[in-house]
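Structure at a glance
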Amino acid sequence: MLFNEPSPLETKVLTRRFGLPNSASIDTYLATEGYQAFLKAAKMKPEEIIAEVKVSNLRGRGGAGFPTGMKWGFVPRTSSKPKYIVVNGDESEPGTCKDRVLIENDPHQLIEGVLIAGLSVDAHAGYIYIRGEYRYLIEVMEKALAEAYEKGWLGKNIQGTGFDFDLYAHTGAGAYECGEESALLESLEGKRGIPRIRPPFPAVAGAFQCPTILNNVETFCAVPAILRDGGAAFAALGIPKSGGTKMTCLTGHINKPGVYELKLGFPVKQMIEEVGGGIRHGKKLKAFIPGGSSCPVLTAAEVEGATMDYDSMASRKTMLGSGGVIIMDEDTCMVKAALRIMRFYAHESCGWCIPCREGTTWLKKILMRFHDGQGTRTDIDLIGDIAKNMLGRTFCPLGDAAAMPTISIVEKFRQEFEDHLNGKPCPYEHSGSMVTV
Amino acid sequence: MTFSAQLEARFDKLLKSYPPGRQRSAMIPMLLYAQDEIGQITGELVNEVATRIGVTPLQVNEVLSYYSMLHTKPLGKYHVQVCTNISCLLHDGDKLYEHACRKLGIGHKEVTADGEFSIEEVECIGACSWAPAIQVNYDFHHHVTPEKLDQLLDGLRKKP
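Source: prediction; values computed, not measured. Counting restarts for each chain: residues are numbered from 1 in the order of the written sequence. For this description, chains carry letters from A and ligands carry numbers from 1, given in the order in which they are written. Totals for whole chains, interfaces and linings use every residue, but because this is a predicted model, local features are given only for residues with pLDDT of at least 70 and side-chain atom pairs only at 80 or more, for both listing and counting. The basis for every side-chain value is the complete set of non-hydrogen atoms in the structure, without hydrogens or water.

**Focus on the overall build of chain B**
Secondary structure elements follow DSSP: runs of H or I of four or more residues count as helices, runs of E of two or more count as strands, with numbering from the N terminus. A tally of helices and strands in chain B yields 7 helices and 4 strands. The N-to-C order of helical and strand elements in chain B reads α-α-α-α-β-α-α-β-β-β-α. Each principal axis of the C-alpha distribution contributes one length, and for chain B these read about 50 × 30 × 25 Å. Contacts between residues were defined by any pair of non-hydrogen atoms, one from each residue, lying within 4.5 Å. Contacts in chain B between residues far apart in sequence, at least 24 positions, make up 60% of those at least 6 positions apart. Positive and negative side-chain charges of chain B, numbering 16 and 20 respectively, have mean locations separated by a distance of 4 Å. Under the counting rule used here, the positive set is Lys and Arg, the negative set is Asp and Glu, and His together with the chain ends is not counted. Throughout, a charge is located at the NZ atom of Lys, the CZ atom of Arg, the CG atom of Asp or the CD atom of Glu.

Below you can see the structure in the form of structure tokens.
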């Protein structure tokens, strides 16, 4: 089911089957070139598969943007240990709702991507870790897995290729931190989702301490198209160094919020105005978050000339991230936005690293006080100082994820913090107060 | 403990899904699926799961306290989860949450006296482009207004 109308400006690669009758069924999948990429890959050498993925310039779609082919190349294929493929479907980054539509509308595309990854490193088992709130997707996935087993696309000697592969759906139970790869692996082993120190990286010691390919749902979903049409064709869709398309979730103050598949390098202004139909109620843009709440915020001026790709965002000291675009109009209180983002990270900090556990909690308290009009002038610098002292001092990126948007909001919207000192709880909002839990 | 045949089948499948000696991996799914059937995680359930996967009850308790969807207290028959995270907030998700609390006369993680409803202010549920969003048990509801929420809750209340 699609929750929003597609846009004519989309480039439909991963979403090519969306909207077809029974798009999630194996019959529809097989009738539309489904599993052909796997058959092609099964005739290739593992290093040729990885080379093709490298040519595609596919980068990790979960947020970090690490080159996928290189990641696969780190797995010691000839290790005597079993190798595993793990899918990160713990989509929880605020602003992000793309893996949900990918699994719901085309689960076999994900299965095929996993199978190809399995061929590339000689893995014979895999797990699809799906966040607990997405229970209906566990059912969609289990149905698709059962179909694939029944029709011989999973199990022993798949389609006579001699390749065996077993794939399982695994539910999480509510924890943002489990979207971090090493915490996900802990959770998959039936433990608290606490990050592991690296090295060793999952490529060497991942699931059950064995070599593991771990990628986001969207990353695996791109793989069948890469093998089917060639890595070069996928790369040509994007811009140099960032191949292909990105599932982009337009959220916030926009006329046509929705999930859209856009070529990498898509101009931000065109995305807001033409894909998203412009800012709601004809208002002006105040702040723009390119890919989930952990990305530094851009001002309207910084968005000028920006394109939706890794390098354009890096040059503006932010990140393409997960594709969760958050659009805030001129009436948005940025102190409130900073507070809500920090409340989230304080809630989700696993507590393992002190700078993150204490930093997020103190920042939440200070921002709450500030938003209620009880802040002091020194608090403004204090917020920035605490956040900067969290950067790079934690096992996993959650501490950075909390600090980065906060630092950017304090630096770029300092005037709004100053305005809150004038005694009014919130000069940008005339009704409603922050819900506090 | 005895469970429904359906849940037992699920447990069997789970215990076969992980490499030999790694049955502990089934813990979190087993707890969540069992909670769905019996309503909450009880001490008896903790012991049962521990026995089946070969760990101590302490090891189960240590894990269960980490995950926000695992509950040791009963929830309402309809657990109303309102997202107020940033994308929903920009669509007045906070006001929707306050409306739901007023409507049901309960607050965060509280249950109505008749046991029909509970409320939880939740973090991002992955419905950001269709905000504001709520989940009632596992069902998503998108573009929820206070009026739509009233209709939904009134409809559920009437259900036998």
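**Here we look at the domain arrangement of chain A**
Residues and elements named next belong to chain A. Domain ranges listed in this record stem from an automatic or a database domain assignment. Annotation of chain A at the domain level lists domain 1 (26–237), domain 2 (245–329) and domain 3 (334–420). Between the C-alpha centres of domain 2 and domain 3 the distance comes to 23 Å. The interface is formed by 13 residues belonging to domain 2 together with 13 residues belonging to domain 3. Here the quantity called buried area is the accessible surface, traced with a 1.4 Å probe, that two parts lose on coming together, added over both. Each partner contributes to the roughly 960 Å² buried at the junction of domain 2 and domain 3, and carbon and sulfur atoms together form 68% of this total. The term salt bridge refers to a pairing of a side-chain nitrogen on Lys or Arg with a carboxyl oxygen on Asp or Glu at a separation within 4 Å. Across the contact surface, domain 2 and domain 3 share 2 salt bridges. Whenever two N or O atoms come within 3.5 Å, that pair is a polar contact, provided that in protein one can donate a hydrogen and the other can accept it, and provided that, for residues adjacent in sequence, both atoms are side-chain atoms. Taken together, the connections running from domain 2 to domain 3 amount to 6 residue pairs in polar contact (both at pLDDT 80 or more). Sorting the residues of the side of domain 2 that touches domain 3 by element identifies β8 (285–289) and β9 (298–299) as the ones contributing at least two each. Among the elements that make up the side of domain 2 that touches domain 3, the one with the highest residue count is β8 (3 residues). Any residue that is not Ala, Val, Leu, Ile, Met, Phe, Trp, Tyr, Cys, Pro, Asp, Glu, Lys or Arg is counted as polar, Gly included; the first ten are nonpolar and the last four charged. The class makeup of the residues in the side of domain 2 that touches domain 3 is 8 nonpolar, 3 polar and 2 charged.

**A short note on unusual backbone geometry**
The omega angle of the peptide bond from R198 of chain A to P199 of chain A is -5°, so this bond is cis rather than trans. Within the element layout of this structure, P199 of chain A appears in the loop between α8 (181–188) and β4 (212–216). Residue A131 of chain B is joined to P132 of chain B through a cis peptide bond whose omega torsion reads -5°. Counting through the fold element by element, P132 of chain B comes out in the loop between β2 (117–122) and β3 (134–136). In this structure, Y35 of chain A is a non-glycine residue whose phi angle is positive, near 65°.

**Thoughts on a nonpolar patch on the surface**
A surface patch of nonpolar side chains, amounting to about 280 Å² of accessible area, comprises F66, M70 and F74 of chain A. Here M70 of chain A shows up in helix α4 (residues 68–73). The patches reported here contain residues having more than 30% relative accessible area and no salt bridge. Joining distances are 9 Å for like charges and 5 Å for nonpolar side chains (Val, Leu, Ile, Met, Phe, Trp, Tyr). A 1.4 Å probe and the Shrake-Rupley method give the accessible areas. Residues count as covered only by the protein chains that appear here.

**A short note on the interface of chain A and chain B**
Interfaces are often sized by the amount of accessible area the parts lose when they come together. Each partner contributes residues to the interface: chain A has 67 residues there, and chain B has 49 residues. Interface area, chain A with chain B, both sides summed: about 4,800 Å², of which 57% is carbon and sulfur. At the surface where chain A touches chain B, the tally comes to 6 salt bridges. Our count for the chain A to chain B interface comes out at 31 residue pairs in polar contact (both at pLDDT 80 or more). Secondary-structure elements contributing two or more residues to the side of chain A that touches chain B are α5 (98–105), α7 (135–150), β3 (166–171), α8, β5 (245–252), β6 (258–263), β11 (324–329) and α14 (334–348) of chain A.

**Details of the domain arrangement of chain B**
Structurally, chain B comprises domain 1 (5–64) and domain 2 (78–158). Computed over C-alpha atoms, the centres of domain 1 of chain B and domain 2 of chain B are 29 Å apart.

**A short note on the confidence of the model for chain A**
On average, chain A scores 94 in pLDDT, and the residues at 70 or more come to 97%. Confidence scores labelled pLDDT are given residue by residue by the predictor and lie between 0 and 100. This stretch, residues 430–437 of chain A, has a pLDDT under 50; its non-local contacts, to residues over four places away or in other chains, come to 19 contacts.

**Here we look at helix α15 (residues 354–371) of chain A**
Along an α-helix, a turn takes 3.6 residues, which lines up residues three or four apart on a common side. Residues and elements named next belong to chain A. The length a helix should cover is 1.5 Å for every residue beyond the first. Taking 1.5 Å per residue as the helical rise, α15 with its 18 residues ought to reach 26 Å, and the 25 Å between its terminal C-alpha atoms agrees with that figure. Packing partners of the buried residues in α15 comprise α14, α16 (377–390), α17 (398–412) and α18 (414–420). Taken from the residues just after α15, G373 is the one with a positive phi, measuring 85°.

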